[in-house]
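A closer look at the structure
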Amino acid sequence: MLQGKKILLGITGSIAAYKAIYLVRLLVKSGAEVRVIMTPSAKDFAPSLTLSTLSHHPVLTDMFDEQSWSNHVALGRWADVMVIAPLSCNTLAKMAQGQCDNLLLAVYLSATCPVVVAPAMDEDMWHHPATKDNLRKLESFGNRIIPVGKGELASGLYGDGRMAEPEEIIQFLTGNFFLTRPLTGKKAIVTAGPTYEALDPVRFIGNHSSGKMGIAIARELYRRGADVTLILGPSKADVTDNGIRVVRVVSAEEMYQAAGKAFEKADIAVMSAAVADYTPVVKADQKIKKTEEHFSIELAKTKDILKSLGEKKKAGQVLVGFALETNNEKANALDKLNRKNADMIVLNSLNDAGAGFGHDTNKITIFRKGGEEIHFDTKPKEDVARDIVDTIIRVHYA
Ligand code: CTP
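Residues numbered from 1 in each chain as written. Predicted model: local features only at pLDDT ≥ 70, side-chain atom pairs only at ≥ 80, totals over all residues. Heavy atoms only, no water.

**As for the overall build of the protein**
For the record, the criterion: A run of H or I in DSSP becomes a helix once it reaches four residues, and a run of E becomes a strand once it reaches two; helices and strands are each numbered from the N terminus. Type-normalised accessible area, obtained with a 1.4 Å probe on protein chains alone, sets the label of each residue: buried when under 20%, exposed when over 50%, and partly exposed for intermediate values. Two residues form a contact once any of their heavy atoms are found within 4.5 Å. Counted as positive: Lys and Arg. Counted as negative: Asp and Glu, with His and the chain ends omitted from the count. For this purpose, a charge sits on NZ of Lys, CZ of Arg, CG of Asp or CD of Glu.
Counting secondary structure elements, the protein contains 13 helices and 21 strands. Dimensions of the protein along its principal axes, counting C-alpha atoms only, are 90 × 45 × 40 Å. In the protein, buried positions account for 48% of the 398 residues. Contacts spanning at least 24 positions in sequence make up 66% of the contacts within the protein whose residues lie at least 6 apart. Of the charged side chains in the protein, 49 are positive and 47 negative; the average position of the first set lies 5 Å away from that of the second.

Written as structure tokens, this is what we have:
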């Protein structure tokens, strides 16, 4: 994943420095070459012997020792990326000011490679306007900031300020600087958003789907090299990304026609739309007047797009469906996997906080044909999209 990449890891004085040990291990395991620089106070939090053993290189702290001078310019030029994790409030302030009283800061100031920081601090420090100002300054220098997480803090308080987990830092690096494009040359289609089933010229039966999940999947497929067609129901989202072909549809029937046509040439199809299951049998030409005391509408089943693609699926085509469930989640997801001949079903349960319609986050489990079941944490929909596309790549294109 990070094979041959040169990563300069700066560690500052923060309790979260213990996580840097695991980060070094993961980076080396992913094939990266790692050099560690610590600020003098970081040594109180993480043993340099452990770090040098794991990174296979001496840990650097001082500008000079009795024998030599650490060439900070050469280090900054050697690296493909400099990661400062954890970044303490103190080092953040010094970086924002351009101060240079230790080796880490000297390397930072002379680094020509991209710089990524993972701050770690107590909640009140994190929310202080001075910290916000300093972070904005770093952003204005082009540095990238990996957001802090919420959780138990060194002070014993609970809140914002935890350093991102080592896995998240790796994901950030692979997703931003060392992104591979294994889907180059592949065609992908994604359905997203709700459908509206017209009752008359002014009324419809619809649902609350925002289309955000499917749009994030389309973007991630595109980022990984695929040629993407997004078949988007009447969502409020405006997708004008260069490179993504958007086909706007309104009804389930229109989505069925568009998806069926695009699937003929597709390698990957992800059906994330919340398609109406039923549509009015009669669509009135004129606005329906409220003349009746009771009024019923006859509904007929719509065509199941995912199922119809599953029936036509040829060898080599990858078909991914979604299941939004409120009960018997696993059984229902597995039933959809088999019945619709999909390769994967992405389950979101409405029983999980932060999952489903309207949220910016989602919590999913992927069920694969063959029995694999992969659980993920609650994450922003962009990260969920990455997990889904990573799984498609791992299983079908690695
Ligand atoms: N789906 C579809 N066409 C439909 C209905 C659903 O392509 N007419 C797709 C969805 O995009 C999703 C999957 O089928 O990928 C599952 O949708 P869901 O609404 O959870 O399941 P249904 O098959 O409609 O079954 P039920 O409503 O009984 O749970």
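Right, picking up where we left off after that structure.
**Observations regarding the packing of helix H1 (residues 17–29) against helix H8 (residues 166–176)**
Which entries qualify depends on this criterion: All axes here are fitted lines through C-alpha atoms, helices being fitted over the stretch that makes contact, and every angle between N-to-C directions spans 0 to 180 degrees. The labels follow the angle: roughly parallel below 35 degrees, roughly antiparallel above 145, roughly perpendicular from 65 to 115, and oblique for the rest. Helix crossings are classified by the rotation of the near helix relative to the far one: an anticlockwise turn of less than a right angle makes the crossing left-handed, while a clockwise turn makes it right-handed. Classification used: nonpolar for Ala, Val, Leu, Ile, Met, Phe, Trp, Tyr, Cys and Pro, charged for Asp, Glu, Lys and Arg, polar for all others including Gly.
The geometry of H1 relative to H8 is characterised by a closest axis approach of 9 Å and an angle of 45° between their N-to-C directions. Judged on the interaxial angle alone, H8 and H1 are oblique. H8 is crossed by H1, and the crossing has right-handed handedness. Along the contact surface, H1 presents Lys19, Tyr22, Leu23, Leu26 and Leu27, while H8 presents Pro166, Glu167, Ile169, Ile170 and Leu173. Here the residues of the contact of H1 with H8 are counted per class, giving 8 nonpolar, no polar and 2 charged.

**Quick look at the environment of Glu254**
Topologically, Glu254 is positioned in helix H10 (residues 252–263). With a relative accessible area of 38%, Glu254 lands in the partly exposed category. Remark: the alpha-carbon pair of Glu254 and Leu306, spanning 52 residues in sequence, is separated by 14 Å.

**Looking at the sheet that holds strand S12 (residues 244–248)**
Note the cut-off: Each pair of strands is called paired provided DSSP finds at least two bridges between the two strands.
Across the sheet, which stays open at both edges, the 8 strands sit in the order S12-S11-S8-S13-S16-S17-S19-S20 with mixed pairing between neighbours. Where the open sheet ends on each side, the last strands, each with one partner, are S12 and strand S20 (373–375). Ignoring which end each strand starts from, the neighbouring axes of this sheet average 15° apart. Running at roughly 155° to strand S16 (residues 318–325), helix H11 (residues 305–312) makes contact with strand S8 (187–192), strand S13 (268–271), S16 and strand S17 (344–349) of the sheet.

**So, the domain arrangement of the protein**
This is how the line gets drawn: Domain delimitation follows an automatic or database domain assignment.
What the domain assignment reports for the protein is domain 1 (6–178) and domain 2 (187–284 + 297–396). Measuring from the centre of the C-alpha atoms in domain 1 to the corresponding centre in domain 2 gives 39 Å.

**A word on the packing of aromatic side chains**
Selection criterion: Under the pairing criterion, centres of Phe, Tyr and Trp rings, with the six-membered ring standing for Trp, must be within 6.5 Å; the plane angle then separates stacked pairs below 30 degrees from edge-to-face pairs above 60, leaving the rest tilted. By the criterion adopted, a ring carries a charge over it if an Arg CZ or a Lys NZ lies within 6 Å of its centre and within 35 degrees of its normal.
Under the definition given, this model contains 3 aromatic pairs. Here the basic side chain of Arg35 rests over the ring of Trp78, its NZ or CZ set 4.8 Å away from the ring centre. The aromatic ring of Trp126 is capped on one face by Lys132, whose charged end is 4.1 Å from the ring centroid.

**Quick word on the side chain of Ser88**
Stated precisely, the cut-off is as follows: In protein, a polar contact means a hydrogen-donor-capable atom and an acceptor-capable atom, both N or O and within 3.5 Å, with residues adjacent in sequence counting only if both atoms are side-chain atoms; elsewhere, any N or O pair within 3.5 Å suffices.
One can find Ser88 in the loop between strand S3 (81–87) and helix H4 (89–97). On the basis of relative accessible area, Ser88 is assigned to the buried category, the value being 9%. Engagement of the side chain of Ser88 in a polar contact is seen with the backbone nitrogen of Thr91, the distance being 3.2 Å. Excluding residues within four positions of it along the chain, Ser88 makes contact with Thr12, Gly13, Ala120 and Met121.

**Re the site of the ligand**
Heads up, the condition is: Proximity is defined per residue: if any heavy atom of the residue lies within 4 Å of a molecule or strand, that residue is considered near it. Using a 1.4 Å probe, accessible areas were evaluated by the Shrake-Rupley method; residue-level cover was limited to the displayed protein chains. Definitions used for this entry: grid spacing 1 Å over protein atoms alone; cavity, a set of points where a 1.4 Å probe fits but cannot get out; pocket, an open set with protein on both sides within 12 Å along at least 5 of 7 lines; lining residue, one with an atom within 4 Å of a point. More than half of a molecule's atoms within 2 Å of the grid points is what it takes for that molecule to sit in a cavity or pocket.
Around the ligand sit 16 residues, and of these Met271, Ala273, Leu306, Phe322 and Lys340 come closest. Between Lys336 and the ligand, the recorded distance is 2.8 Å, taken from a side-chain N or O atom to an oxygen atom. Within the complex, 76% of the 560 Å² of free accessible area of the ligand lies under protein. Applying the majority rule of atoms within 2 Å of the grid points places the ligand in the second largest pocket.

**Remarks on the pattern of salt bridges**
Spelled out, the test is: Salt bridges are defined by distance alone: a side-chain nitrogen of Lys or Arg within 4 Å of a carboxyl oxygen of Asp or Glu.
The full count for this structure, using the stated rule, is 26 salt bridges. Salt-bridge contacts for Asp335 lead to Arg339; the nearest nitrogen and oxygen are separated by 3.0 Å. Here Arg339 and Asp335 lie together in helix H12 (residues 329–339), a separation of 4 residues that amounts to about one turn. Of the residues examined, Arg339 reaches a relative accessible area of 41% and is grouped as partly exposed. Among the charged side chains, a salt-bridge network with shared partners connects Glu220, Arg223, Arg224, Asp383, Arg386 and Asp390.

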